[in-house]
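Working through the structure, step by step
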Amino acid sequence: MKSADRWLLPEGVEEVLPPQALKLETLRREILDLYQSWGYELVVTPLIEYLDSLLVGSSHDLDLHTFKLTDQMSGRMMGLRADITPQVARIDARNMHRNGPARLCYADSVVHTRPRGLLTSRVPIRIGAELFGSASVSADVELIVLMSRTLSQAGIGPQHIVLGHVGLFRGLVAAAELEAEQEAELFDAVQRKAFADIDIWLDEQVENINLARMLKALCRLSGDITVLDEAEQVLAHAPPQVRQALDELRKTAEAVQKRLPDHSLGFDLSELRGYQYHTGTVFAAYTPGYGRAVAKGGRYDEIGQAYGRARPASGFDADLKILARLSSLEVRRPASILAPDEDDAALQTMVEDLRRQGEVVITHLDEGEADAALLKELNCDRRIVAAPEGGWQLVTI
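What you see is a predicted model, and the numbers here were worked out from it, not measured in a lab. (Residues numbered from 1 in each chain as written. Predicted model: local features only at pLDDT ≥ 70, side-chain atom pairs only at ≥ 80, totals over all residues. Heavy atoms only, no water.)

Examining the sheet that holds strand 16 (residues 392-396)
The condition is simple: Only strands that DSSP links by at least two bridges are regarded as paired with each other. Each helix corresponds to a stretch of at least 4 residues labelled H or I by DSSP, and each strand to a stretch of at least 2 residues labelled E; elements are numbered beginning at the N terminus. Simply put, an axis is a line fit to the C-alpha atoms, just over the touching stretch for a helix, and the angle between two N-to-C directions goes from 0 to 180 degrees.
Read across the sheet, 4 strands follow the order 14-13-15-16 without closing on themselves; strand pairing throughout is mixed. Pairing within the sheet leaves two strands with one partner each, and these edge strands are strand 14 (360-364) and strand 16. In this sheet, neighbouring strand axes are inclined to one another by 30 degrees on average, regardless of whether the strands run parallel or antiparallel.

Spelled out as structure tokens, the structure:
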């Protein structure tokens, strides 16, 4: 290996240097403070754990993104977490023992075997909130609004929020009595928005003409609020569970619009992101100049069952690194004070008092006077010097 190659990081893995690291940490603290003000409690989950526990109830996609290794102590397979939501769901199901709603939040790194998108990190920092124990529309609305507040706190706007409901597609598929393999084929075509392929497939595979017609129309229903009116007509004779899903989506949209009147809402009724585990409303936030969702989430009521306690659940998360990259906020390194390197008790007391007040005090360790270049490098605008009458004083540089 060439010596220069020793310092290369793997593709999709990056170091975070000042001042970007300061911006990341500032946003992390401010967003977690926001979550705390809404009643969400912080949890910290393990970076690594046994694979059969880490992936229980999860999607095949999560399995592909999980690094796997052998535990040298037990011989069992372990995995580096690629997502935090399943771990938080386990905490609610196995450790919290609460009967009422539980609001939990987190901010920590995950590791992916491959990037999830162009220019995305393989070591993102996921920050998010989860609400367990409430199946109400109000719970989904709370999380959608909190997701928006998260982006606002990070200085990201304007925001466009897109809503969907996996129950629409799932209900029609169930009514059509498709086999698992057929469902997977249709799912793939819908994800690709391959409308011509969808039409041909449905004509060949679905005997019920009305259900085929509804599925064809559903795949094309995306746009503004008028989409819901179109869906009411298209799904007028759909199975009850499909009608209920559409009703939930409309109620959610109306409540979100009242809470976020300045935001634009969009709808994609064939949005199937996280289809393997989402069970209801799904939502995502977009902002101009970034081609992917900045934050996303949805309802996933059945995940707790894998841990022995099924509870209604909904949540969202975002990559803190992307939030920092898109943020319009300026986080500046605070100005500091240069102190001489002396053991004088009065000087040390003064330094400690300044630090308790929130000031940054840096000890000048080198011999000789600090030159202008060093003061600039340390971002010092004041210094502590000996006072003519004895003792120490703070002077502006």
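Overview of the packing of aromatic side chains
Using the following cut-off: Any two rings among Phe, Tyr and Trp, with Trp reduced to its six-membered ring, count as a pair given centres within 6.5 Å; such a pair is stacked if its planes are under 30 degrees apart, edge-to-face if over 60, and tilted if neither. Relative accessibility under 20% of the residue-type maximum defines a buried residue, over 50% an exposed one, and the middle range a partly exposed one, all with a 1.4 Å probe and only protein chains included. The rule for a charge over a ring is simple: NZ of Lys or CZ of Arg within 6 Å of the ring centre, and within 35 degrees of the ring normal.
Under the counting rule described, the total for this entry stands at 4 aromatic pairs. Note on F169 and Y275: the rings are 5.6 Å apart at their centroids and 75 degrees apart in plane angle, and the pair reads as edge-to-face. Placement of F169 in helix 6 (residues 166-175) and of Y275 in the loop between strand 9 (264-268) and strand 10 (281-286) is noted, with a sequence separation of 106 residues between them. Note on accessibility: F169 and Y275 belong to one class, buried. Ring centres 5.3 Å apart and planes at 25 degrees place the aromatic pair F187 and Y275 in the stacked group. Here F187, found in helix 7 (residues 180-191), pairs with Y275, found in the loop between strand 9 and strand 10; they are 88 residues apart in sequence, far enough to count as distant. For the pair formed by F187 and Y275, the shared burial category is buried. An aromatic cluster of at least three residues, connected via ring pairs, comprises F169, F187 and Y275. Between the NZ or CZ atom of R76 and the centre of the ring of Y50, over which it lies, the distance is 3.7 Å. Positioned over the ring face of Y275 is R170, at 4.3 Å from the centre of the ring.

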